[in-house]
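Below, each chain spelled out in residue letters.
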Amino acid sequence: MMADIRTYNVVVLGIGFLLIFTAFTTCGNIEQTVVKSLNSTNFTGSGYHSLGIIYGVFSFCNILAPTIVAVIGARFTMFLSGILYSGYIAVFIIPSTWSFYFTSVVIGFGAAMLWTAQGHFLVENSDASTINRNTGVFWALLQCSMLFGNLYVYFDWKGKTEISDRERKIMFTALLVISVLGTLSFLALRKVRQLEEALSEEEGQSLLSARFIYKQKAASAVTEAKTELKTIVEIFKSKTILLLSFCMAYSGLELSFYSGVYGTCIGATEYFGNSAKGLIGISGIVVGIGEIVGGGLFGLVLKNNRFRRTSVVFLGMVVHFVAFYLIFLNIPDDAPVVLQTSSQHNPYLAPSVSIALLCSFLLGLGDSCFNTQLYSILGRAYAEQSAPAFAIFKFIQSVSAAVAFFYSGYVLLTWQLLVMVIMGFIGTLCFFMVERMQNMSADAQEY
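- In the annotation of an unreviewed UniProt entry, the entry for the chain reads UNC93-like protein MFSD11, and the organism field reads Danio rerio.
- The UniProt entry for the chain carries the following text under Sequence similarities (unreviewed entry): "Belongs to the unc-93 family."
- Quoted verbatim from the Subcellular location (unreviewed entry) field of the UniProt record, the comment on the chain reads "Membrane".

Description of the overall build of the chain
- For the chain, the count of helices and strands is 16 helices and 0 strands.
- Here the chain holds 447 residues, and the buried ones make up 51% of them.
- Within the chain, counting contacts between residues at least 6 apart in sequence, those at least 24 apart form 86% of the total.
- In the structure as shown, the chain presents an accessible area of about 20100 Å², 68% of it carried by carbon and sulfur atoms.

Points about the packing of aromatic side chains
- With the rule as written, the count across this model stands at 27 aromatic pairs.
- Residues Phe 17 and Phe 21 carry aromatic rings whose centres are separated by 5.8 Å and whose planes lie at 15 degrees to one another, so their mutual orientation is stacked. Of this pair, Phe 17 and Phe 21 both sit in helix 1 (residues 2-37), 4 residues apart, which is roughly one turn of that helix. The two residues Phe 17 and Phe 21 agree in class, both being buried.
- Considering the side-chain rings of Tyr 250 and Phe 370, the 5.1 Å spacing of their centres and the 65 degrees angle between planes classify their relative orientation as edge-to-face. Here Tyr 250, found in helix 11 (residues 239-268), pairs with Phe 370, found in helix 14 (residues 353-381); they are 120 residues apart in sequence, far enough to count as distant.
- Cation over ring: Arg 190 sits above Tyr 8, and NZ or CZ is 5.7 Å from the ring centre.

What to know about the pattern of salt bridges
- Per the stated rule, a full pass over the model turns up 2 salt bridges.
- Between Arg 168 and Asp 165 there is a salt bridge; the shortest N-O distance is 2.9 Å. In this pair, Arg 168 and Asp 165 are both assigned in helix 8 (residues 165-185), 3 residues apart and thus about one turn of the helix distant.
- By relative accessible area, Arg 168 is classed as buried at 4%.
- Judged by its relative accessible area of 43%, Asp 165 falls in the partly exposed class.
- Note that Arg 309 and Glu 435 form a salt bridge whose closest N and O atoms lie 2.8 Å from each other. A residue pair is termed long-range when its members are at least 10 positions apart, and Arg 309 in helix 13 (residues 308-330) and Glu 435 in helix 16 (residues 413-446) qualify at 126 residues.

What about helix 11?
- The terminal C-alpha atoms of helix 11, which comprises 30 residues, lie 43 Å apart, in line with the 44 Å expected from a rise of 1.5 Å per residue.
- At Tyr 258, helix 11 is bent by approximately 45 degrees, the largest bend along its length.
- Counting buried residues in helix 11 gives 26 out of 30 residues, a clear majority hidden from the surface.

Brief notes about the state of the cysteines
- Tallied over the full model, the rule gives 0 disulfides.
- Counting only cysteine sulfurs, Cys 247 is the nearest neighbor of Cys 430, a cysteine outside any disulfide, at a range of 8.1 Å.
- Relative accessible area serves as the criterion here: at 7%, Cys 430 is assigned to the buried category.

What to know about empty space enclosed by the protein
- Evaluation of the coordinates by the stated rule reveals 1 cavity of 30 Å³ or more.
- In this structure, the largest cavity encloses a volume near 40 Å³.
- As for the largest cavity, its lining consists of Leu 253, Ser 256, Phe 257, Val 261, Ala 404, Tyr 407, Ser 408, Gln 416 and Met 420.
- Contributions of two or more residues to the lining of the largest cavity are made by helix 11, helix 15 (386-408) and helix 16.
- Here the lining of the largest cavity takes 4 residues from helix 11, the largest share from any one element.

Some words on the packing of helix 3 (residues 65-72) against helix 4 (residues 74-91)
- Across the interface, helix 3 lies against helix 4 with an axial gap of 7 Å and an inter-helix angle of 120 degrees. With respect to their mutual orientation, helix 3 and helix 4 come out oblique. On helix 4, the residues that touch Ile 68, Val 69 and Ile 72 of helix 3 are Ala 74, Phe 76, Thr 77 and Leu 80.
- Grouping the amino acids of the contact of helix 3 with helix 4 by side-chain chemistry returns 6 nonpolar, 1 polar and no charged.

Overview of the side chain of Ser 368
- By the secondary structure assignment, Ser 368 is in helix 14.
- Residue Ser 368 is classed as buried on the basis of its relative accessible area, which comes to 3%.
- Those residues in contact with Ser 368 that lie beyond four places of it in its chain are Gly 290, Glu 291, Gly 294 and Gly 295.

Notes on the packing of helix 2 (residues 47-61) against helix 5 (residues 97-124)
- Running from amino to carboxyl end, helix 2 crosses helix 5 at an angle of 40 degrees, the nearest separation of the two axes being 7 Å. Here helix 5 runs oblique to helix 2, going by the angle between their axes. Judged by the twist between their axes, the crossing of helix 2 over helix 5 is right-handed. Where helix 2 approaches helix 5, its residues Gly 47, His 49, Ser 50, Ile 53, Ile 54, Val 57, Phe 58 and Cys 61 are matched on the opposing element by Phe 100, Tyr 101, Ser 104, Val 105, Ile 107, Gly 108, Phe 109, Ala 111, Ala 112 and Trp 115.
- Grouping the constituent residues of the contact of helix 2 with helix 5 by class yields 13 nonpolar, 5 polar and no charged.

Focus on the nonpolar core
- The biggest cluster of nonpolar side chains holds 114 residues, and the ones touching the most others in it are Phe 17 and Phe 172.
- The element that contributes the greatest number of residues to this core is helix 11, accounting for 16 residues.
- Summarising the domain contributions, this core has at least three residues from each of domain 1 (1-199) and domain 2 (238-441).

Topic: the environment of Leu 176
- Looking at the element boundaries, Leu 176 is found in helix 8.
- By relative accessible area, Leu 176 is classed as partly exposed at 21%.
- As a C-alpha pair, Leu 176 and Ala 90 span 86 residues in sequence and 6.1 Å in three-dimensional space.
- In this structure, Leu 176 is in contact with Ser 86, Ile 89, Ala 90 and Ile 93, ignoring residues within four places of it in sequence.

Calculation notes
- Residues numbered from 1 in each chain as written.
- Predicted model: local features only at pLDDT ≥ 70, side-chain atom pairs only at ≥ 80, totals over all residues.
- Heavy atoms only, no water.
- UniProt positions renumbered as here; feature names shortened; annotations may be inferred.
- Helix = DSSP H or I, 4+ residues; strand = E, 2+ residues; numbered from the N terminus.
- Buried < 20%, exposed > 50% of the residue type's maximum accessible area, 1.4 Å probe, protein only.
- Contact = heavy atoms within 4.5 Å.
- Areas by Shrake-Rupley, 256 points an atom, 1.4 Å probe, with all protein chains shown as cover.
- Phe/Tyr/Trp six-rings, centres within 6.5 Å; stacked < 30°, edge-to-face > 60°.
- Lys NZ or Arg CZ within 6 Å of the ring centre and 35° of its normal.
- Salt bridge = Lys/Arg side-chain N within 4 Å of Asp/Glu carboxyl O.
- Expected span 1.5 Å × (residues − 1).
- Bend = angle between axes of the 7 residues up to and from the residue.
- Disulfide = S-S within 2.5 Å.
- 1 Å grid on protein atoms, 1.4 Å probe; cavity = no way out; pocket = protein on both sides within 12 Å on 5 of 7 lines; lining within 4 Å.
- Points joined across faces, edges and corners; volume = space filled by probe spheres on them.
- Axes fitted to C-alpha atoms, helices over the stretch in contact; angles between N-to-C directions.
- Parallel < 35°, antiparallel > 145°, perpendicular 65-115°, else oblique.
- Nonpolar A, V, L, I, M, F, W, Y, C, P; charged D, E, K, R; others polar.
- Left-handed = near helix turned anticlockwise from the far one by under 90°.
- Core = buried A, V, L, I, M, F, W, Y, C linked by side-chain atoms within 4.5 Å.
- Domains from an automatic or database assignment.

Next up, the structure:
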């Protein structure tokens, strides 16, 4: 009976996230392109800046989120966050600069709460034997969000050079409905704990007023948050995290590149003509396929082998460097920065659609190499303190993604790629050093 409820919870959780992120991922992918088509009105927002604000706020709220989840519970937190996500998407139906930036701040806060609650809820509904399976089910459902919304973009925008007001309104209304459905699905999650508690509670205990229990919960959450913060600061000073922070920062840079910048570049490539805007959708789908292939391969096929982690990260670096070089040859240098909708510069090769999409696949594949292995090494090095370690990972990743989104609209493509090559190389080197430290300490323990 309990196992059934738990499996049901994990699937419903995955579906809720699938719906919300179908709306949000699609929104992020097309945002800068939509904003550029709004030039006629008095709207002065930039999609890059908005995404930068989201990731910036997200990184700082990550530290507060555990307290909130502890006080109001994972289910309710996710429901509230879903409402905030829906608000951001609704802004695009009737855009204004202030509401666009205001909801960017709000959704950054919502994202921190949503992901903290998600981790909490997943652990609550799993045990040692089911955690891998449940995480796999959840990620598989989540990654599918990259497919559906982008398919819609492709069919809706095929052969268009400008996005009209009417098309934008229809598109974002549809995304809003999807997001609201996802939010409502969190209400269908069942409580796991109450069955156990209902049996164990003595009659006398139920006389305690709800208010008193709530106060106790809040007080313990605050003290927990304080110790959590101390732990975070302590871990932050450790050599392992200092070295890994380069790799984490790199994962943030390439996250912003594949999720916001690259799609915009493809849409701005004059050479692709009328198909350019539709290609943004196809590119998003192909990145998603790369992520799914990578996650499946390294998450499920290659299990716990000591030498595997470094080879997967090395593969990720090589795959990304190949992608960056091809993008450098294939996409015009001014594609990320043009204000009108098409680029003026010529790239080194005549831009080819198949190379552009191959790069999308490689970006997704490489990203999943870095992310799966970072999770894996953190889980190994900080088995006892996994929550603060992952909070640090999310923090560094989001700060660097935010920084990247802010410079993306001003810096030519070549330099953006160069920054990623340098950081990727340093990050991979540092990952190797940490892996060696881990193995040496493991060897020392064996003797």
